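# Fold and contact review
So you can see what is in the structure, the chains are spelled out below.
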Amino acid sequence: MKYGFLKVAAAIPSVKVADVDYNVQQLESLIAQAEGQGVEVIVFPELCLTGYTCQDLFKEQLLIDKAEEGLLMLLDFTRKLDVICIVGLPVQIGALLYNCAAVIQGGTLLGVVPKTYLPNYGEFYEKRWFASAQDLTAQDVYLGGSPVHVTPDPVIFTTCDGARFGIEICEDVWAPTPPSNRLSLAGADVIFNLSASDELIGKHQYLRQLLAQQSARTMSGYVYASSGFGESTQDVVYGGNAMIFENGKQLCEGERFSLQPQIKITQIDVELLRTERRTNSTFITAQSQVRCRPTLACCKPATDRDFELVRPVDPHPFIPSAEKMQESCEEILNIQVAGLAKRLHHINAKKAVIGISGGLDSTLALLVTVKAFDRLKLDRRGIIGITMPGFGTTDRTYHNALKLMETLGITAREISIAKAVTQHFSDIGQDPELHDVTYENSQARERTQILMDVANKENAIVVGTGDLSELALGWATYNGDHMSMYGVNAGVPKTLVRYLVTYMSGELATEVLLDIVDTPISPELTPADEHGQIKQKTEDLVGPYELHDFFIYYILRYGFRPSKVFMMACHAFKGLYDGDVIKHWLTVFCRRFFSQQFKRSCMPDGPKVGSVSLSPRGDWRMPSDASSSIWLKDVERQ
């Protein structure tokens with residue numbers, strides 16, 4: 001598969017009940033569209049060759065024979081096409097009739113899958129016409145001009161690129177134990193559902209939740225196509241649902257109640273799904289408990305095409321959507337606050353020490369500490385905020401630090417590090433005019449020494465301020481700002497820190513918080529420029545944090561190779577960063593991530609907030625001496 005993606009489609013044709021010739025023409029039109037757009041697998045609604053609402057016409061041999069003739073027509077139509085088509089039709093096997101899905105490609109019938117669970121309530125009486133797959137004895141049948149093996153057991157189809165998919169039909173997914181459970185545990189990456197679900201008040205929302213949950217539970221892609229315009233409206237109406245999910249996330253949805261045929265196309269990231277399954281012990285255990293030997297069917301080789309990513313890629317994967325921003329920010333803050341509150345309670349600490357720089361990270365850490373103290377009903381004066389101006393401190397950050405502490409009502413202290421660091425330079429023979437790494441790190445370590453010693457003196461805990469992005473890049477002074485007694489921001493990436501502080505501005509210290517958000521990110525370890533402005537800007541040195549957070553999410557969360565992440569970043573940041581810029585900073589990320597692991601191997605405790613954590617005790621365990629060569633070579637090839 002190109003970058004691990006499988007291009008799929010859910011198609012809703014117009015139908016005429018019992019008019020097979022018309023229905024075949026409609027299917028052929030949508031199949032041609034799919035082929036032209038490089039779709040690899042397309043699924044149609046249940047019994048789409050005849051129409052789902054034929055009722056007792058399914059007892060007519062003429063209709064059953066005509067459906068098989070329609071299948072022959074589709075086989076002939078697809079003879080020179082690569083797209084794999086999944087269509088629904090009634091199939092007679094022995095004395096019984098089955099509601100089936102037929103899989104065809106390149107003029108060949110690859111397999112037939114019968115429906116297992118038949119509704120027999122309300123307006124649906126499928127048991128009146130069809131038998132269940134459970135009534136079937138595995139056998140070879142002659143259908144569409146060739147023999148095909150039909151079995152009640154799971155059938156998994158494999159594309160020429162190695163993607164594996166299974167099929168269930170409508171009611172199957174509503175069952176307590178859907179066939180997709182067994183199919184997924186047997187190795188199917190994607191489930192295709194041919195459906196004919198009627199519309200009722202509230203049913204659509206429930207259906208969407210059901211499909212999303214099934215996709216999440218089985219860690220699969222789920223492609224759903226349901227009958228639409230043209231079905232009989234004698235008693236119920238069919239809205240024509242086309243929905244595609246990936247691991248619980250809806251990728252796209254068609255227009256309900258459309259009077260026109262439609263086709264929804266997207267790409268499912270099979271590599272992502274396999275990574276999720278491989279790292280999920282619950283899924284692995286479930287696999288071991290279900291001894292399922294599926295029937296395997298191999299699809300035909302397809303013409304090689306240039307890859308084009310058609311699905312959208314969120315450039316800021318850590319940032320909640322606008323409609324969920326408030327709920328998500330509250331949840332993140334509650335996790336941070338609960339973690340710190342437990343630590344304070346456990347060690348019976350009534351005080352906390354935190355370095356306040358006037359920057360984003362220390363601001364968020366202070367806000368979390370304030371909320372933790374409020375929740376524990378501790379006096380905010382027990383929070384000792386220390387601003388420690390040095391050689392690079394600007395008036396803007398200095399005054400913001402003082403105003404923030406005053407506004408929040410904590411104990412504020414100011415301890416200049418200039419004199420102590422100057423003495424230190426003299427002691428170790430460092431030229432104060434040489435602004436090298438020793439010049440910078442000496443200041444960071446002096447600040448940490450002050451925080452630790454004040455905490456000892458006050459019987460307090462030092463709250464760390466470093467965030468997830470800094471940990472990934474190693475952008476911290478070892479045994480300087482790298483160290484604390486509890487790092488509340490350890491699970492929060494830099495792009496999210498800004499949103500959290502902005503969100504909190506509506507609750508606490510609005511004016512100063514908004515100015516802090518607008519301040520350039522900087523460690524302020526080198527002198528300001530001639531205008532007193534910040535000269536040492538972090539993103540000029542290590543790169544844009546929005547790019548690095550994108551790399552963190554896809555490389556660490558899903559284990560994607562850099563070449564795939566590069567392709568996705570070019571797509572997500574199109575018009576903002578060109579390929580050369582993305583490649584440069586991706587190289588920097590890979591090099592720094594590997595070389596700086598030693599800092600993460602001894603990082604302090606801190607709460608996991610999202611799906612990515614770099615704690616050496618939890619999600620990320622990596623040798624400090626691992627080589628980055630194959631990752632860097634993969635980037636270089638782009």
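The sections below set out a description of the structure shown in this document. (Residues numbered from 1 in each chain as written. Predicted model: local features only at pLDDT ≥ 70, side-chain atom pairs only at ≥ 80, totals over all residues. Heavy atoms only, no water.)

Once that is clear, we can look at the overall build of the protein chain. Scanning the protein chain from terminus to terminus reveals 20 helices and 22 strands. With the C-alpha coordinates aligned to their principal axes, the bounding extent of the protein chain is approximately 100 × 50 × 45 Å. The buried share of the protein chain, reckoned over its 638 residues, is 57%. Put simply, of all contacts in the protein chain between residues at least 6 apart along the chain, 73% involve residues at least 24 apart. (Helix = DSSP H or I, 4+ residues; strand = E, 2+ residues; numbered from the N terminus. Buried < 20%, exposed > 50% of the residue type's maximum accessible area, 1.4 Å probe, protein only. Contact = heavy atoms within 4.5 Å.)

Each aromatic ring pair is summarised here by two numbers: the centre-to-centre distance and the angle between the ring planes. A complete count under the given rule lists 26 aromatic pairs for this structure. Taken together, the aromatic side chains of F318, F550, Y553, Y554, Y558, F560, F573 and Y577 make up a single cluster linked through ring pairs. Residue placement shows K564 over the ring face of F560; its charged tip is 3.7 Å from the ring centre. Lying across the ring of F593, R600 places its NZ or CZ 4.1 Å from the centre. (Phe/Tyr/Trp six-rings, centres within 6.5 Å; stacked < 30°, edge-to-face > 60°. Lys NZ or Arg CZ within 6 Å of the ring centre and 35° of its normal.)

Turning to the nonpolar core, a few remarks are in order. Here is a general trend for soluble globular proteins: nonpolar side chains tend to be buried in one another's company. Among the nonpolar cores identified, the biggest contains 122 residues, and I86, F157, F165, L366, F550 and F551 are the most heavily contacted of them. In contact with L366, not counting residues within four places along its chain, are I354, I356, I383, L404, M405, L408 and I410. Formed by 51 residues, the second largest nonpolar core is a distinct cluster that contains I64, I93, V148 and Y238. (Core = buried A, V, L, I, M, F, W, Y, C linked by side-chain atoms within 4.5 Å.)

Before going further, it helps to spend a moment on the sheet that holds strand 18 (residues 352-355). Two orientations exist for strands paired in a sheet by backbone hydrogen bonds: parallel and antiparallel. Here we have five strands laid out as an open sheet, ordered 20-19-18-21-22, and parallel in their pairing. The sheet terminates laterally at strand 20 (411-414) and strand 22 (486-487), the two strands that pair on one side only. The pairing of strand 18 with strand 19 (residues 383-387) spans four bridges and is classified as parallel. If you follow A352 over to strand 19, its bridge partner there is I383. Helix 8 (residues 360-375) contacts strand 18, strand 19 and strand 21 (461-464) of the sheet and is inclined by roughly 160° relative to strand 18. Strands in contact with helix 11 (residues 437-458) are strand 18, strand 19, strand 20 and strand 21; relative to strand 18, the strand with the most contacts, it is inclined by about 165°. (Pairing = 2+ DSSP bridges. Axes fitted to C-alpha atoms, helices over the stretch in contact; angles between N-to-C directions.)

Moving on: the sheet that holds strand 10 (residues 155-158). Within the open sheet, the seven strands sit side by side as 15-14-13-12-11-10-17. Their pairing is mixed. What marks the edges here is a single partner per strand, and that holds for strand 15 (249-253) and strand 17 (295-298). The sheet shows a mean angle of 25° between the axes of neighbouring strands, taken without regard to direction. As paired strands, strand 11 (residues 164-169) and strand 12 (residues 190-195) are joined by five bridges and run parallel to one another. Bridge pairing in strand 12 places G166 opposite I191. Seen against the sheet, helix 4 (residues 203-217) touches strand 13 (221-226), strand 14 (242-246) and strand 15 and runs at an angle of roughly 30° to strand 14.

If you check helix 1 (residues 20-36), its first and last C-alpha atoms are 24 Å apart, about what 17 residues at 1.5 Å a residue would give, namely 24 Å. Taken together, the buried positions of helix 1 are V20, N23, V24, Q26, L27, E28, L30, I31, A34 and E35. For helix 1, the secondary structure elements touched by its buried residues are strand 1 (5-12), strand 2 (41-43), helix 2 (61-77), strand 3 (84-93) and strand 16 (262-269). One or two steps after helix 1, the chain reaches G38, where phi turns positive at roughly 75°. (Expected span 1.5 Å × (residues − 1).)

Attention now goes to the pattern of salt bridges. Scanning the entire structure with this criterion turns up 30 salt bridges. Salt-bridge contacts for E246 lead to R311; the nearest nitrogen and oxygen are separated by 2.6 Å. With E246 in strand 14 and R311 in the loop between strand 17 and helix 7 (325-346), this pair connects stretches of sequence that are 65 residues apart. Judged on exposure class, the residue E246 and its partner R311 are both buried. (Salt bridge = Lys/Arg side-chain N within 4 Å of Asp/Glu carboxyl O.)

Now for the environment of S601. Its place among the elements puts S601 in the loop between helix 19 (597-600) and helix 20 (629-636). Separated by 20 residues in sequence, S601 and R621 have C-alpha atoms that sit 8.0 Å apart. Contact partners of S601, with chain neighbours within four places excluded, come to P616, M622 and S624. One polar contact links S601 to S624, side chain to side chain, over a distance of 3.1 Å. (Polar contact = N/O pair within 3.5 Å; in protein donor to acceptor, adjacent residues only side chain to side chain.)

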